[in-house]
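Given next are the chains, with one letter for each unit.
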Amino acid sequence: VKPVHIIGAGLAGSEAAWQLAEAGVPVILHEMRPTRPTDAHHTDKCAELVCSNSFRSDDKEYNAVGLIHDEMRRAGSIIMRCADQHKVPAGGALAVDREGFSEAVTNALENHPLITMERGEIDGLPPEEWEHTIIATGPLTSGALADAIRKATGEESLAFFDAIAPIVYKDSIDFDKAWFQSRYDKGDGKDYINCPMYEEEYNRFIDALIEGEKTEFKDWEKDTPYFDGCLPIEVMAERGRETLRHGPMKPVGLTNPHNPKEKPRAIVQLRQDNALGTLYNMVGFQTKLKYGAQVEVFRTIPGLENAEFARLGGIHRNTFLNSPRLLDGNLRLKSRPDLRFAGQITGCEGYVESAAVGLMVGRFTAAEKAGKTIPTPPLATAMGALLNHITGGADESTFQPMNVNFGLFPDLDLKKRVKGRDRKKLYSDRAIPLFDEWLSTVNAA
Ligand code: FAD
């Protein structure tokens, strides 16, 4: 059997290699470290954790990342197995001894009879003779390969930085203050959610933005360009107190139905972020404010006092594809289906999500090698919701990396409104049997 080539032995590539090898498919796993380092990795180990040692919440009942842990364990994930073996006390979170963890993943892969590690950079698109290649080179994909991918997919299709505006759960917005309307009633007239700010609120907000604590760029991120249209909101505020109300917060073409006589000084707009209509992004609110400061400052916006954030804002070095446009539902590049992508380069965010996408890609590729097709995980499972988001559920014009969260799941279709923890539990209760059913179909294929 011809091997599958995997480029990058990070969180995603390691998991994909394991899934393929366990399915009986030989793998050649290419890793450029230590011959060529990245700016964030320090070792030559597989699945090195470049920053925090946390896999976040391990609560499968009330947390979407805890639920995806559970699904991955059920599917025989090597990343979860090694994380469980090397966990350190962290309350409800799953945190690991980073060295023990990466060492264990490396040993498992190196000792697998069907996995061959090859050290060295792949500096261009893989040749078609390889037949099946998975590109899992992560947020710090080496320049030569990134350039080749960009040439193959088009200028606009591969980003080198994320400029992330916060995303809010629609459920948590107060519609006694906010309202639906598009500027000048364009489109179907109610595409945006609007939050009004009057004189005093606006002034307080600008002060808070300027004073709020910011995160610093790391040395190697210092060349992060502030390209037009992506200026951090606090940088705009520093340029002048009126800049925002003439920019993303301009109050024109909109009328507040709760107070039609008084014209707001500024209006914050939120745009639908997923096809399900459960998530809305704050237009123009990309920011380097620290997470705590973001929550504090953005909850002063009328209508967002109790906002829950599916994702907070940020600007980082990050190489990622416009996956909703470029990849099919099986994570194949539409223009070259012999190439699959996995991990953070697909526009998921986080160690766990990267490994989960690696797991799915490993399964899809193993099935294809065996001449079979397997269904994708159901939309109401954590893996299915994440996959759907990156391969079509997200709006391609505003696509930015995303963690798994319950906002990506289809509605619960309930007779009466259920909120908070109880609602989260219902998502998990629905997901687990669906995941098991999917897994047994896939294992039997
Ligand atoms: P990686 O784990 O980065 O693996 C990619 C691998 O590909 C690397 O080993 C790299 O050496 C190799 N490679 C790259 N190019 C080539 C090439 N051309 N040829 C051969 N090999 C190549 N997520 C969290 O959940 N928590 C955090 O605290 C966190 N902190 C982060 C901090 C930084 C600075 C960055 C950049 C990201 C952070 N992330 C964090 C986000 C992300 O989840 C991790 O980067 C995660 O490791 C992504 O997994 P991956 O498998 O896609 O990529």
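Conventions adopted
Residues numbered from 1 in each chain as written. Predicted model: local features only at pLDDT ≥ 70, side-chain atom pairs only at ≥ 80, totals over all residues. Heavy atoms only, no water. Helix = DSSP H or I, 4+ residues; strand = E, 2+ residues; numbered from the N terminus. Rg over C-alpha atoms; globule rule 2.2 N^0.38 Å. Buried < 20%, exposed > 50% of the residue type's maximum accessible area, 1.4 Å probe, protein only. Contact = heavy atoms within 4.5 Å. Areas by Shrake-Rupley, 256 points an atom, 1.4 Å probe, with all protein chains shown as cover. Lys, Arg positive; Asp, Glu negative; His and termini not counted. Charge placed at Lys NZ, Arg CZ, Asp CG, Glu CD. Core = buried A, V, L, I, M, F, W, Y, C linked by side-chain atoms within 4.5 Å. Near = heavy atom within 4 Å. Polar contact = N/O pair within 3.5 Å; in protein donor to acceptor, adjacent residues only side chain to side chain. Nonpolar A, V, L, I, M, F, W, Y, C, P; charged D, E, K, R; others polar. Expected span 1.5 Å × (residues − 1). Axes fitted to C-alpha atoms, helices over the stretch in contact; angles between N-to-C directions. Parallel < 35°, antiparallel > 145°, perpendicular 65-115°, else oblique. Phe/Tyr/Trp six-rings, centres within 6.5 Å; stacked < 30°, edge-to-face > 60°. Lys NZ or Arg CZ within 6 Å of the ring centre and 35° of its normal. Pairing = 2+ DSSP bridges. Left-handed = near helix turned anticlockwise from the far one by under 90°. Salt bridge = Lys/Arg side-chain N within 4 Å of Asp/Glu carboxyl O.

## With respect to the overall build of the chain
The helix and strand inventory of the chain stands at 13 helices and 17 strands. Taken over C-alpha atoms, the radius of gyration comes to 22 Å for the chain, in line with the 22 Å a tight globule of 445 residues would show. Each of the three principal axes of the chain carries a C-alpha extent, and together these read 75 × 50 × 45 Å. Burial status across the chain gives 56% buried among its 445 residues. Summarising the internal contacts of the chain: among those between residues at least 6 apart in sequence, 70% fall at separations of at least 24. As displayed, the chain offers around 18,700 Å² of accessible surface, 50% of which is attributable to carbon and sulfur atoms. If you average the places of the 53 positive and of the 64 negative side-chain charges in the chain, the two averages end up 3 Å apart.

## Points about the nonpolar core
Membership of the largest hydrophobic core comes to 94 residues, with the highest contact counts inside it found for Phe55, Ile68 and Phe101. For this core, the element with the highest residue contribution is helix H11 (residues 351–369), accounting for 11 residues.

## Overview of the site of the ligand
Around the ligand, 29 residues are found, and the nearest of them are Ala12, Glu31, Arg33, Gln344 and Gly350. One of the backbone nitrogen or oxygen atoms of Ser52 is found 3.1 Å away from an oxygen atom of the ligand. The contact in question runs from a nitrogen atom of the ligand to an N or O atom on the backbone of Ile122, over 2.9 Å. Every element with two or more residues in the shell around the ligand is listed here: helix H1 (11–22) and H11. Considering only residue class, the shell around the ligand consists of 12 nonpolar, 14 polar and three charged.

## Comments concerning helix H4 (residues 98–110)
Relative to the 18 Å expected for 13 residues at 1.5 Å per residue, H4 spans 18 Å between its end C-alpha atoms, a close match to the ideal helical length. Every buried residue of H4 is listed here: Gly100, Phe101, Ser102, Ala104, Val105, Thr106, Ala108 and Leu109. Along its buried surface, H4 packs onto H1, strand S2 (27–31), strand S3 (54–57), helix H3 (78–85), strand S5 (93–96) and strand S6 (115–119). The distance from a side-chain oxygen at the start of H4 to the backbone nitrogen of Glu99 is 3.1 Å, and the residue carrying that oxygen is Asp97.

## Quick word on the packing of H11 against helix H12 (residues 382–393)
At a closest axis distance of 10 Å, the pairing of H11 and H12 adopts a crossing angle of 90°. Comparing their axes, H12 and H11 come out roughly perpendicular. Every residue of H12 that contacts H11 at Glu353, Ala356, Val357, Leu359, Met360 and Phe364 is listed here: Met383, Leu386, Leu387 and Ile390. Residues that form the contact of H11 with H12 fall into these classes: nine nonpolar, no polar and one charged.

## A look at the packing of aromatic side chains
Tallied over the entire structure, the rule returns 11 aromatic pairs. Arranged with centres 5.4 Å apart and planes meeting at 85°, the rings of Phe55 and Phe101 form a pair that is edge-to-face. You can see Phe55 sitting in strand S3 and its partner Phe101 sitting in helix H4, a full 46 residues away along the chain. The buried category is assigned to Phe55, whose relative accessible area is 0%. Judged by its relative accessible area of 0%, Phe101 falls in the buried class. Taken together, a centroid distance of 5.1 Å and an interplanar angle of 10° make the contact between Phe406 and Tyr427 stacked. Remark: Tyr427 occurs in helix H13 (residues 420–444) and Phe406 occurs in the loop between H12 and H13; sequence separation between them is 21 residues. Exposure class is identical for Phe406 and Tyr427. Each is buried. Each residue in the set Phe55, Phe101 and Tyr351 is aromatic and connected to the rest through ring pairs, giving one cluster. In this structure, Arg421 packs its charged tip against the face of Tyr62, placed 3.7 Å from the ring centre.

## A few points about the sheet that holds S5
Read from one edge of the open sheet, three strands run S3-S5-S4, paired in antiparallel fashion. Here the strands that pair on one side only, and so sit at the sheet edges, are S3 and strand S4 (87–88). Summarising the sheet, S4 and S5 pair through two bridges and their orientation is antiparallel. Counterpart to Lys87 in the pairing with S5 is Val96.

## A word on the packing of H1 against H11
With their axes 7 Å apart at the nearest point, H1 and H11 run at an angle of 30° to one another. At the point where H1 passes H11, the crossing takes the right-handed sense. The segment H1 lies against H11, with Leu11, Ala12, Glu15, Ala16, Gln19 and Leu20 engaging Tyr351, Ser354, Ala355, Gly358, Leu359, Gly362, Arg363, Thr365 and Ala366.

## Some details on the side chain of His69
Within the element layout of this structure, His69 appears in helix H2 (residues 64–74). Once you skip the residues sitting within four places of it in the chain, His69 turns out to touch Phe55, Arg56, Ser57, Asp58, Met80, Leu94 and Val352.

## A word on the pattern of salt bridges
Under the definition given, this model contains 30 salt bridges. Here Asp188 makes a salt bridge to Lys190, at a shortest N to O gap of 3.9 Å. Classification of Asp188 by relative accessible area gives exposed; the value is 54%. Connected through salt bridges with shared partners, the residues Lys60, Asp70, Arg74 and Asp436 form a single ionic network.

Function cannot be inferred from these measures alone, as they are strictly geometric.
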